[in-house]
Amino acid sequence: MLQKLIGSNDLSSFAAAFFFALIGVALSLLLQTTKRDINASGTPFHFSWSFFLADNIKRIAAGLILIYIAIRFYPELFGKPINEYLAFVVGVGLDKVAELIKNASGILQVNRDKIN
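What this report covers is the structure whose coordinates are included nearby. The shown structure was predicted, so the numbers you read here are calculated from the model rather than taken from an experiment.

## Thoughts on the overall build of the protein
So, step 1. A tally of helices and strands in the protein yields five helices and zero strands.
So, step 2. For the protein, the N- to C-terminal ordering of α and β elements is α-α-α-α-α.
So, step 3. Expressed along its principal axes, the backbone C-alpha trace of the protein runs to roughly 50 × 20 × 20 Å.
So, step 4. Out of the 116 residues in the protein, the part that is buried amounts to 33%.
So, step 5. The long-range share in the protein, meaning contacts at least 24 apart out of those at least 6 apart in sequence, stands at 71%.

What follows is the structure, given as C-alpha cells:
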C-alpha cells in the first residue's frame, strides 16, 4: 500500500523531496509577508504569526496537496526521479499557483473579520 501512495519513489527520496518542497513553500509564504498592507482593514498593524497562519491556511493546505501530487507523479510523468532542487522549485512554484488562485478567484480566501 505504501508503494501506491509514494509511487515509484523510494520512501527516503519521497520524504526528502517533500521536505525541500515544504522549504520552498515556507520561503514563498514568508517573502509574501513583505508585501502585506499594514493599513488594510481586518489585518493587524504588527506582524502576527497566528493571523498569518489563519489567513493562509487554505493556501497552505492546497499547496500541500499539490506538492504531494507533483512529487508522487513526477517519476511517472518524466521518467526520472525528482531531486531535491527540483522539489524546492516545485514547492515555490506551486505555492505561487495557490497564491494566484487565492488572489484571482477568492476560492482560498478566508474571512479576515473572523480571524481577529
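## Description of the pattern of salt bridges
So, step 1. Scanning all chains against the criterion turns up four salt bridges.
So, step 2. Here Arg59 makes a salt bridge to Glu99, at a shortest N to O gap of 3.6 Å. Placement of Arg59 in helix α3 (residues 49-78) and of Glu99 in helix α4 (residues 84-105) is noted, with a sequence separation of 40 residues between them. Both residues of the pair, Arg59 and Glu99, count as buried.
So, step 3. Ionic pairing is found between Lys96 and Glu99, a salt bridge with its closest N-O pair at 3.1 Å. One end of the pair is Lys96 and the other is Glu99, both in helix α4 and three residues apart, which spans about a single turn.
So, step 4. For Lys96, a relative accessible area of 29% gives the class partly exposed.
So, step 5. Residue classification places Glu99 among the buried positions, given a relative accessible area of 12%.

## Re the side chain of Asn9
So, step 1. Its location among the elements puts Asn9 in the loop between α1 (2-6) and α2 (11-32).
So, step 2. Of the polar contacts made by the side chain of Asn9, one reaches the backbone oxygen of Ile71; its length is 3.1 Å.
So, step 3. Those residues in contact with Asn9, other than ones at most four positions away along the chain, are Gln3, Phe14, Ile71, Arg72, Pro75 and Ile82.

## What to know about the environment of Leu53
So, step 1. Position of Leu53 among the secondary structure elements: in helix α3.
So, step 2. For Leu53, a relative accessible area of 44% corresponds to the partly exposed category.

## Some remarks on α3
So, step 1. Taking 1.5 Å of rise per residue, 30 residues should cover 44 Å, yet α3 covers just 38 Å from first to last C-alpha, more than 12% shy of that figure.
So, step 2. Within α3, the axis deviates most sharply at Asn56, by approximately 60°.
So, step 3. With its phi angle positive at about 75°, Gly79 sits one or two positions after the end of α3.

## Things to note about the packing of α2 against α3
So, step 1. Packing of α2 against α3 brings their axes to within 10 Å, and their N-to-C directions diverge by 145°. Relative to α3, the crossing made by α2 is right-handed. Packed against α2, whose contacting residues are Phe14, Ala17, Phe18, Ala21, Leu22, Val25, Ser28, Leu29, Leu30 and Gln32, the element α3 presents Trp49, Phe52, Asn56, Arg59, Ile60, Leu64, Ile67, Tyr68, Ile71 and Arg72 at the interface.
So, step 2. When grouped by side-chain class, the residues that make up the contact of α2 with α3 number 15 nonpolar, three polar and two charged.

Conventions adopted
Residues numbered from 1 in each chain as written. Predicted model: local features only at pLDDT ≥ 70, side-chain atom pairs only at ≥ 80, totals over all residues. Heavy atoms only, no water. Helix = DSSP H or I, 4+ residues; strand = E, 2+ residues; numbered from the N terminus. Buried < 20%, exposed > 50% of the residue type's maximum accessible area, 1.4 Å probe, protein only. Contact = heavy atoms within 4.5 Å. Salt bridge = Lys/Arg side-chain N within 4 Å of Asp/Glu carboxyl O. Polar contact = N/O pair within 3.5 Å; in protein donor to acceptor, adjacent residues only side chain to side chain. Expected span 1.5 Å × (residues − 1). Bend = angle between axes of the 7 residues up to and from the residue. Axes fitted to C-alpha atoms, helices over the stretch in contact; angles between N-to-C directions. Left-handed = near helix turned anticlockwise from the far one by under 90°. Nonpolar A, V, L, I, M, F, W, Y, C, P; charged D, E, K, R; others polar.

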